[in-house]
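Single-letter residue listing:
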There are 2 protein chains.
Amino acid sequence: MALIIQKYGGTSVGTIEKLRAVARRVIKCYQQGNQMVVVLSAMAGQTDDLIRLAHKITDNPDLRELDVLMSTGEQVSVALLAMAIKSMGHDARSLLGSQVAIYTDQLYGKARIHEIETDRMTRELEQGTILAVAGFQGLNDNGDITTLGRGGSDTTAVALAASLKADVCEIFTDVDGVYTTDPNVCPKARKLAIISYDEMLEMASLGAKVLEIRSVEFAKKYNVPIHVRSTFTNERGTMVVAETKNMEKVLVSGVTYSKNEARVTIRKVPDRPGISFKIFRPIFESGIVVDMIVQNTSEKGITDLTFTVPKSDYRKTIGLVSEVASKIGAKEVLGDENIAKVSVIGVGMRSHAGVAQNMFEVLGKENINISLISTSEIKISCVIEEKYTELAVRVLHKAFGLDYEQRQD
Amino acid sequence: MALIIQKYGGTSVGTIEKLRAVARRVIKCYQQGNQMVVVLSAMAGQTDDLIRLAHKITDNPDLRELDVLMSTGEQVSVALLAMAIKSMGHDARSLLGSQVAIYTDQLYGKARIHEIETDRMTRELEQGTILAVAGFQGLNDNGDITTLGRGGSDTTAVALAASLKADVCEIFTDVDGVYTTDPNVCPKARKLAIISYDEMLEMASLGAKVLEIRSVEFAKKYNVPIHVRSTFTNERGTMVVAETKNMEKVLVSGVTYSKNEARVTIRKVPDRPGISFKIFRPIFESGIVVDMIVQNTSEKGITDLTFTVPKSDYRKTIGLVSEVASKIGAKEVLGDENIAKVSVIGVGMRSHAGVAQNMFEVLGKENINISLISTSEIKISCVIEEKYTELAVRVLHKAFGLDYEQRQD
């Protein structure tokens, strides 16, 4: 007998018919002899409706009360699922974050889980009850409701799996797993059978919106195996697990891209200590997230500084930087909104050299110019002209042996 | 400084604009130097929407889960009100039944309040916080959500008033007080300035849908003064309070009617011990609520038995009774759906004879035949033909000095 945590997202419980299908799926797994804890999001659209309601009251709703409001979404889902399962003849019970209890810090709207009480869940599971636990919500030390932020139900599921020492945490979603790249861009993308936590973290932060990033960090910390799979089929999806020796044999596991950035360059900056601080302070203070930063080696005390920011913050950034540039005596500020970032990701890079070189060669062959490069232990990112994004993804996907036909595993 | 409990019903918070108006009203009262606890129902229509949702899942939803579902309605209201008040510059906080905490028994869907913790409320009130408490919901010993049944928010308000020893419990609703009778039937109906708990109980159970009956029982038990008034005006409404000597001077405080009953008569029943039990058992077992029961004195061991049931249960009752009638050797079963019950109510009856006689005389003068009579200490009810209902209400209203022009107070 295994203990299985299943999490179903908003689209998986978006209608009564879909909710009933989830109930049947849960029961099937229960009948195979497993203990079941089901974590649910709010029904699709519900969370947005509630936020809209709050914003009709005030532009700036109180965060504590916003959490009280938002948490009703998941409360509705778990009550309906428990009803559905009971009506199908099995014992089920809904539990809210406050009933479990899932203790968090005080940060309304983006609380972090501190501790999970398992007594009640364990007792009910031993009695054969299927538990429907409201995702996304917890309880702080004041006894007030908190929420974990967007995608928080993934984190709830993984945290429950960790504290209950579950055998697996299954995340059901509207895609059937994690792909080597975006299938809309590259038709030869294929589903990965297995991926490491670190690779998944790079994939998630680079735009593969399958798993909420905090849930992967949580899973990594407590070594919880995650199975990402489709609500609408019975096929196996992708296992997200700790790194194994075997994984290193694969150089590159995935290719990702982002068109959401813009590039800013400050030319001929006098290279004095503290100059970077002066340039970036107004940007950071405006809450703008800077991604890649590259500074060339200084020549005669003069350097060029380039970085990327979200496209939506581009005009504001240019304004802020231009002001600073004139103050510090830099020559000019250049910028480009028509860029994209393509990245290759793989734990195999840790032990194999030459991936970067290979990447540059492949892009060069297609006459795609690289204007910025940044690397981490398991990732290489290049900024290119936006119009080449799809081409770059496809040629890299093929070059690193990820195309469907070339599948080796 | 007074401590005031205000309760606003679903229509009073039915839209964002109305909710804002409630916030302004609460703040005004707070600025007059009062401590404020505001009890809210779900926004109008919400509760019905949630029930519909549950019934899409199953015809017979699990009662525990139904309460988890239903309680989200009030949770939304209190979060939004607290947001509104905060956005207007005052400190406010929402509290759910489980946060107060309001402890109830185990009866999902119609739980009764056992005990209310006042520590947190008192602490927050002393800090000048306006509290928005979710009506209708509580917590049982398992830590599970319960609801108090329809109209339960009135009970929450009165129970909070009792446990916090509030100065007054104001029930805001879409009518502006308790009337001597239905103004739609009798244009000369007038608003009562004051009414006793017992009279209100009779009025409520006879169809004047202003206050939930359990809340009045609660108020009577703990001597909580209730002020029933309109959300949409500033006029004083009706005070519901303990009986005073002065009240006895008024013979009749109100005239009520109900068209929701049907009459069943069993003719020539052999009058043996246990015969009533035989007749009523199948009716009770079907969950049909019998209202008036009249049995004439037996003549030669034969009697007639008459009673009333809700109109919606009439056909079923006739079927059940006919079966029994043939078994016990009764002569025949007669019935009439076209009946109405008119009642006069007043604590003055306790000390004054002649009210019944006066009532019969007034109805007799209009050639209205009385087919059933039942009386209590402070109420006389007569069953008449349905078509005379409005006429009967009007002539009784006039005869007992309730018409607007004749107002003495």
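Residues numbered from 1 in each chain as written. Chains lettered and ligands numbered in written order. Predicted model: local features only at pLDDT ≥ 70, side-chain atom pairs only at ≥ 80, totals over all residues.

**Q** Where do I start with the overall build of chain A in this structure?
**A** When helices and strands are counted, chain A shows 12 helices and 20 strands. On C-alpha atoms alone, chain A measures out to a radius of gyration of 24 Å, which is about the 22 Å that the 2.2 N^0.38 rule sets for 409 residues. Dimensions of chain A, computed from C-alpha atoms along their principal axes, come out at roughly 75 × 55 × 30 Å. Residues classed as buried in chain A amount to 47% of the 409 residues present. When contacts within chain A are restricted to residue pairs at least 6 apart in sequence, long-range pairs at least 24 apart make up 75% of them. (Helix = DSSP H or I, 4+ residues; strand = E, 2+ residues; numbered from the N terminus. Rg over C-alpha atoms; globule rule 2.2 N^0.38 Å. Buried ≥ 20, exposed ≤ 12 C-beta atoms within 10 Å, placed from the backbone. Contact = placed C-beta atoms within 7 Å.)

**Q** Explain the environment of Glu-170 of chain B to me, please; I cannot follow it from the model alone.
**A** All names here are of chain B. Note on placement: Glu-170 falls in strand β9 (residues 168-173). For the pair Glu-170 and Tyr-314, spaced 144 residues apart in sequence, the C-alpha to C-alpha distance is 39 Å. Non-local contacts of Glu-170, meaning those with residues more than four positions away in its chain, are made with Ile-4, Ile-5, Gln-6, His-227 and Arg-229.

**Q** Explain the confidence of the model for chain A to me, please; I cannot follow it from the model alone.
**A** As a note on interpretation, predicted positions should not be read in detail where pLDDT is low. Overall, the predicted model of chain A reaches an average pLDDT of 92, with 98% of residues at or above 70. In the predicted complex, the global pTM is 0.85; the interface-specific ipTM is 0.84. (pLDDT = per-residue confidence, 0-100.)

**Q** Help me understand the domain arrangement of chain A, please; the structure alone is not making it clear to me.
**A** For interface size, the figure often reported is the accessible area lost on association. The domains assigned to chain A are domain 1 (3-174), domain 2 (265-334) and domain 3 (339-406). Just the C-alpha atoms count here: the centres of domain 1 of chain A and domain 2 of chain A sit 44 Å apart. (Domains from an automatic or database assignment.)

**Q** Would you take a moment to explain helix α6 (residues 152-163) of chain A for this structure?
**A** In an α-helix there are 3.6 residues to a turn, and that puts residues three or four apart on one side. All names here are of chain A. The terminal C-alpha atoms of α6, which comprises 12 residues, lie 16 Å apart, in line with the 16 Å expected from a rise of 1.5 Å per residue. When you tally the buried positions in α6, you get 10 out of 12 residues, the bulk of the element. Residues of α6 that are buried include every one of Gly-152, Ser-153, Asp-154, Thr-155, Thr-156, Ala-157, Val-158, Ala-159, Leu-160 and Ala-161, and no others. After α6 finishes, the residue Lys-165 shows a positive phi value of roughly 50°. (Expected span 1.5 Å × (residues − 1).)

**Q** Help me understand the packing of helix α12 (residues 355-365) of chain B against helix α13 (residues 389-399) of chain B, please; the structure alone is not making it clear to me.
**A** Between two packed helices, what matters for the description is the angle formed by their axes and the separation of those axes. All names here are of chain B. Running from N to C, α12 and α13 point in directions that differ by 130°, and their axes come no closer than 10 Å. Considering the angle they form, α12 stands oblique to α13. Classified by chirality, the crossing of α13 by α12 is right-handed. Contact residues: α12 offers Asn-358, Met-359, Val-362 and Leu-363, while α13 offers Ala-392, Val-395, Leu-396 and Ala-399. The residue inventory of the contact of α12 with α13, partitioned by class, reads seven nonpolar, one polar and no charged. (Axes fitted to C-alpha atoms, helices over the stretch in contact; angles between N-to-C directions. Parallel < 35°, antiparallel > 145°, perpendicular 65-115°, else oblique. Left-handed = near helix turned anticlockwise from the far one by under 90°. Nonpolar A, V, L, I, M, F, W, Y, C, P; charged D, E, K, R; others polar.)

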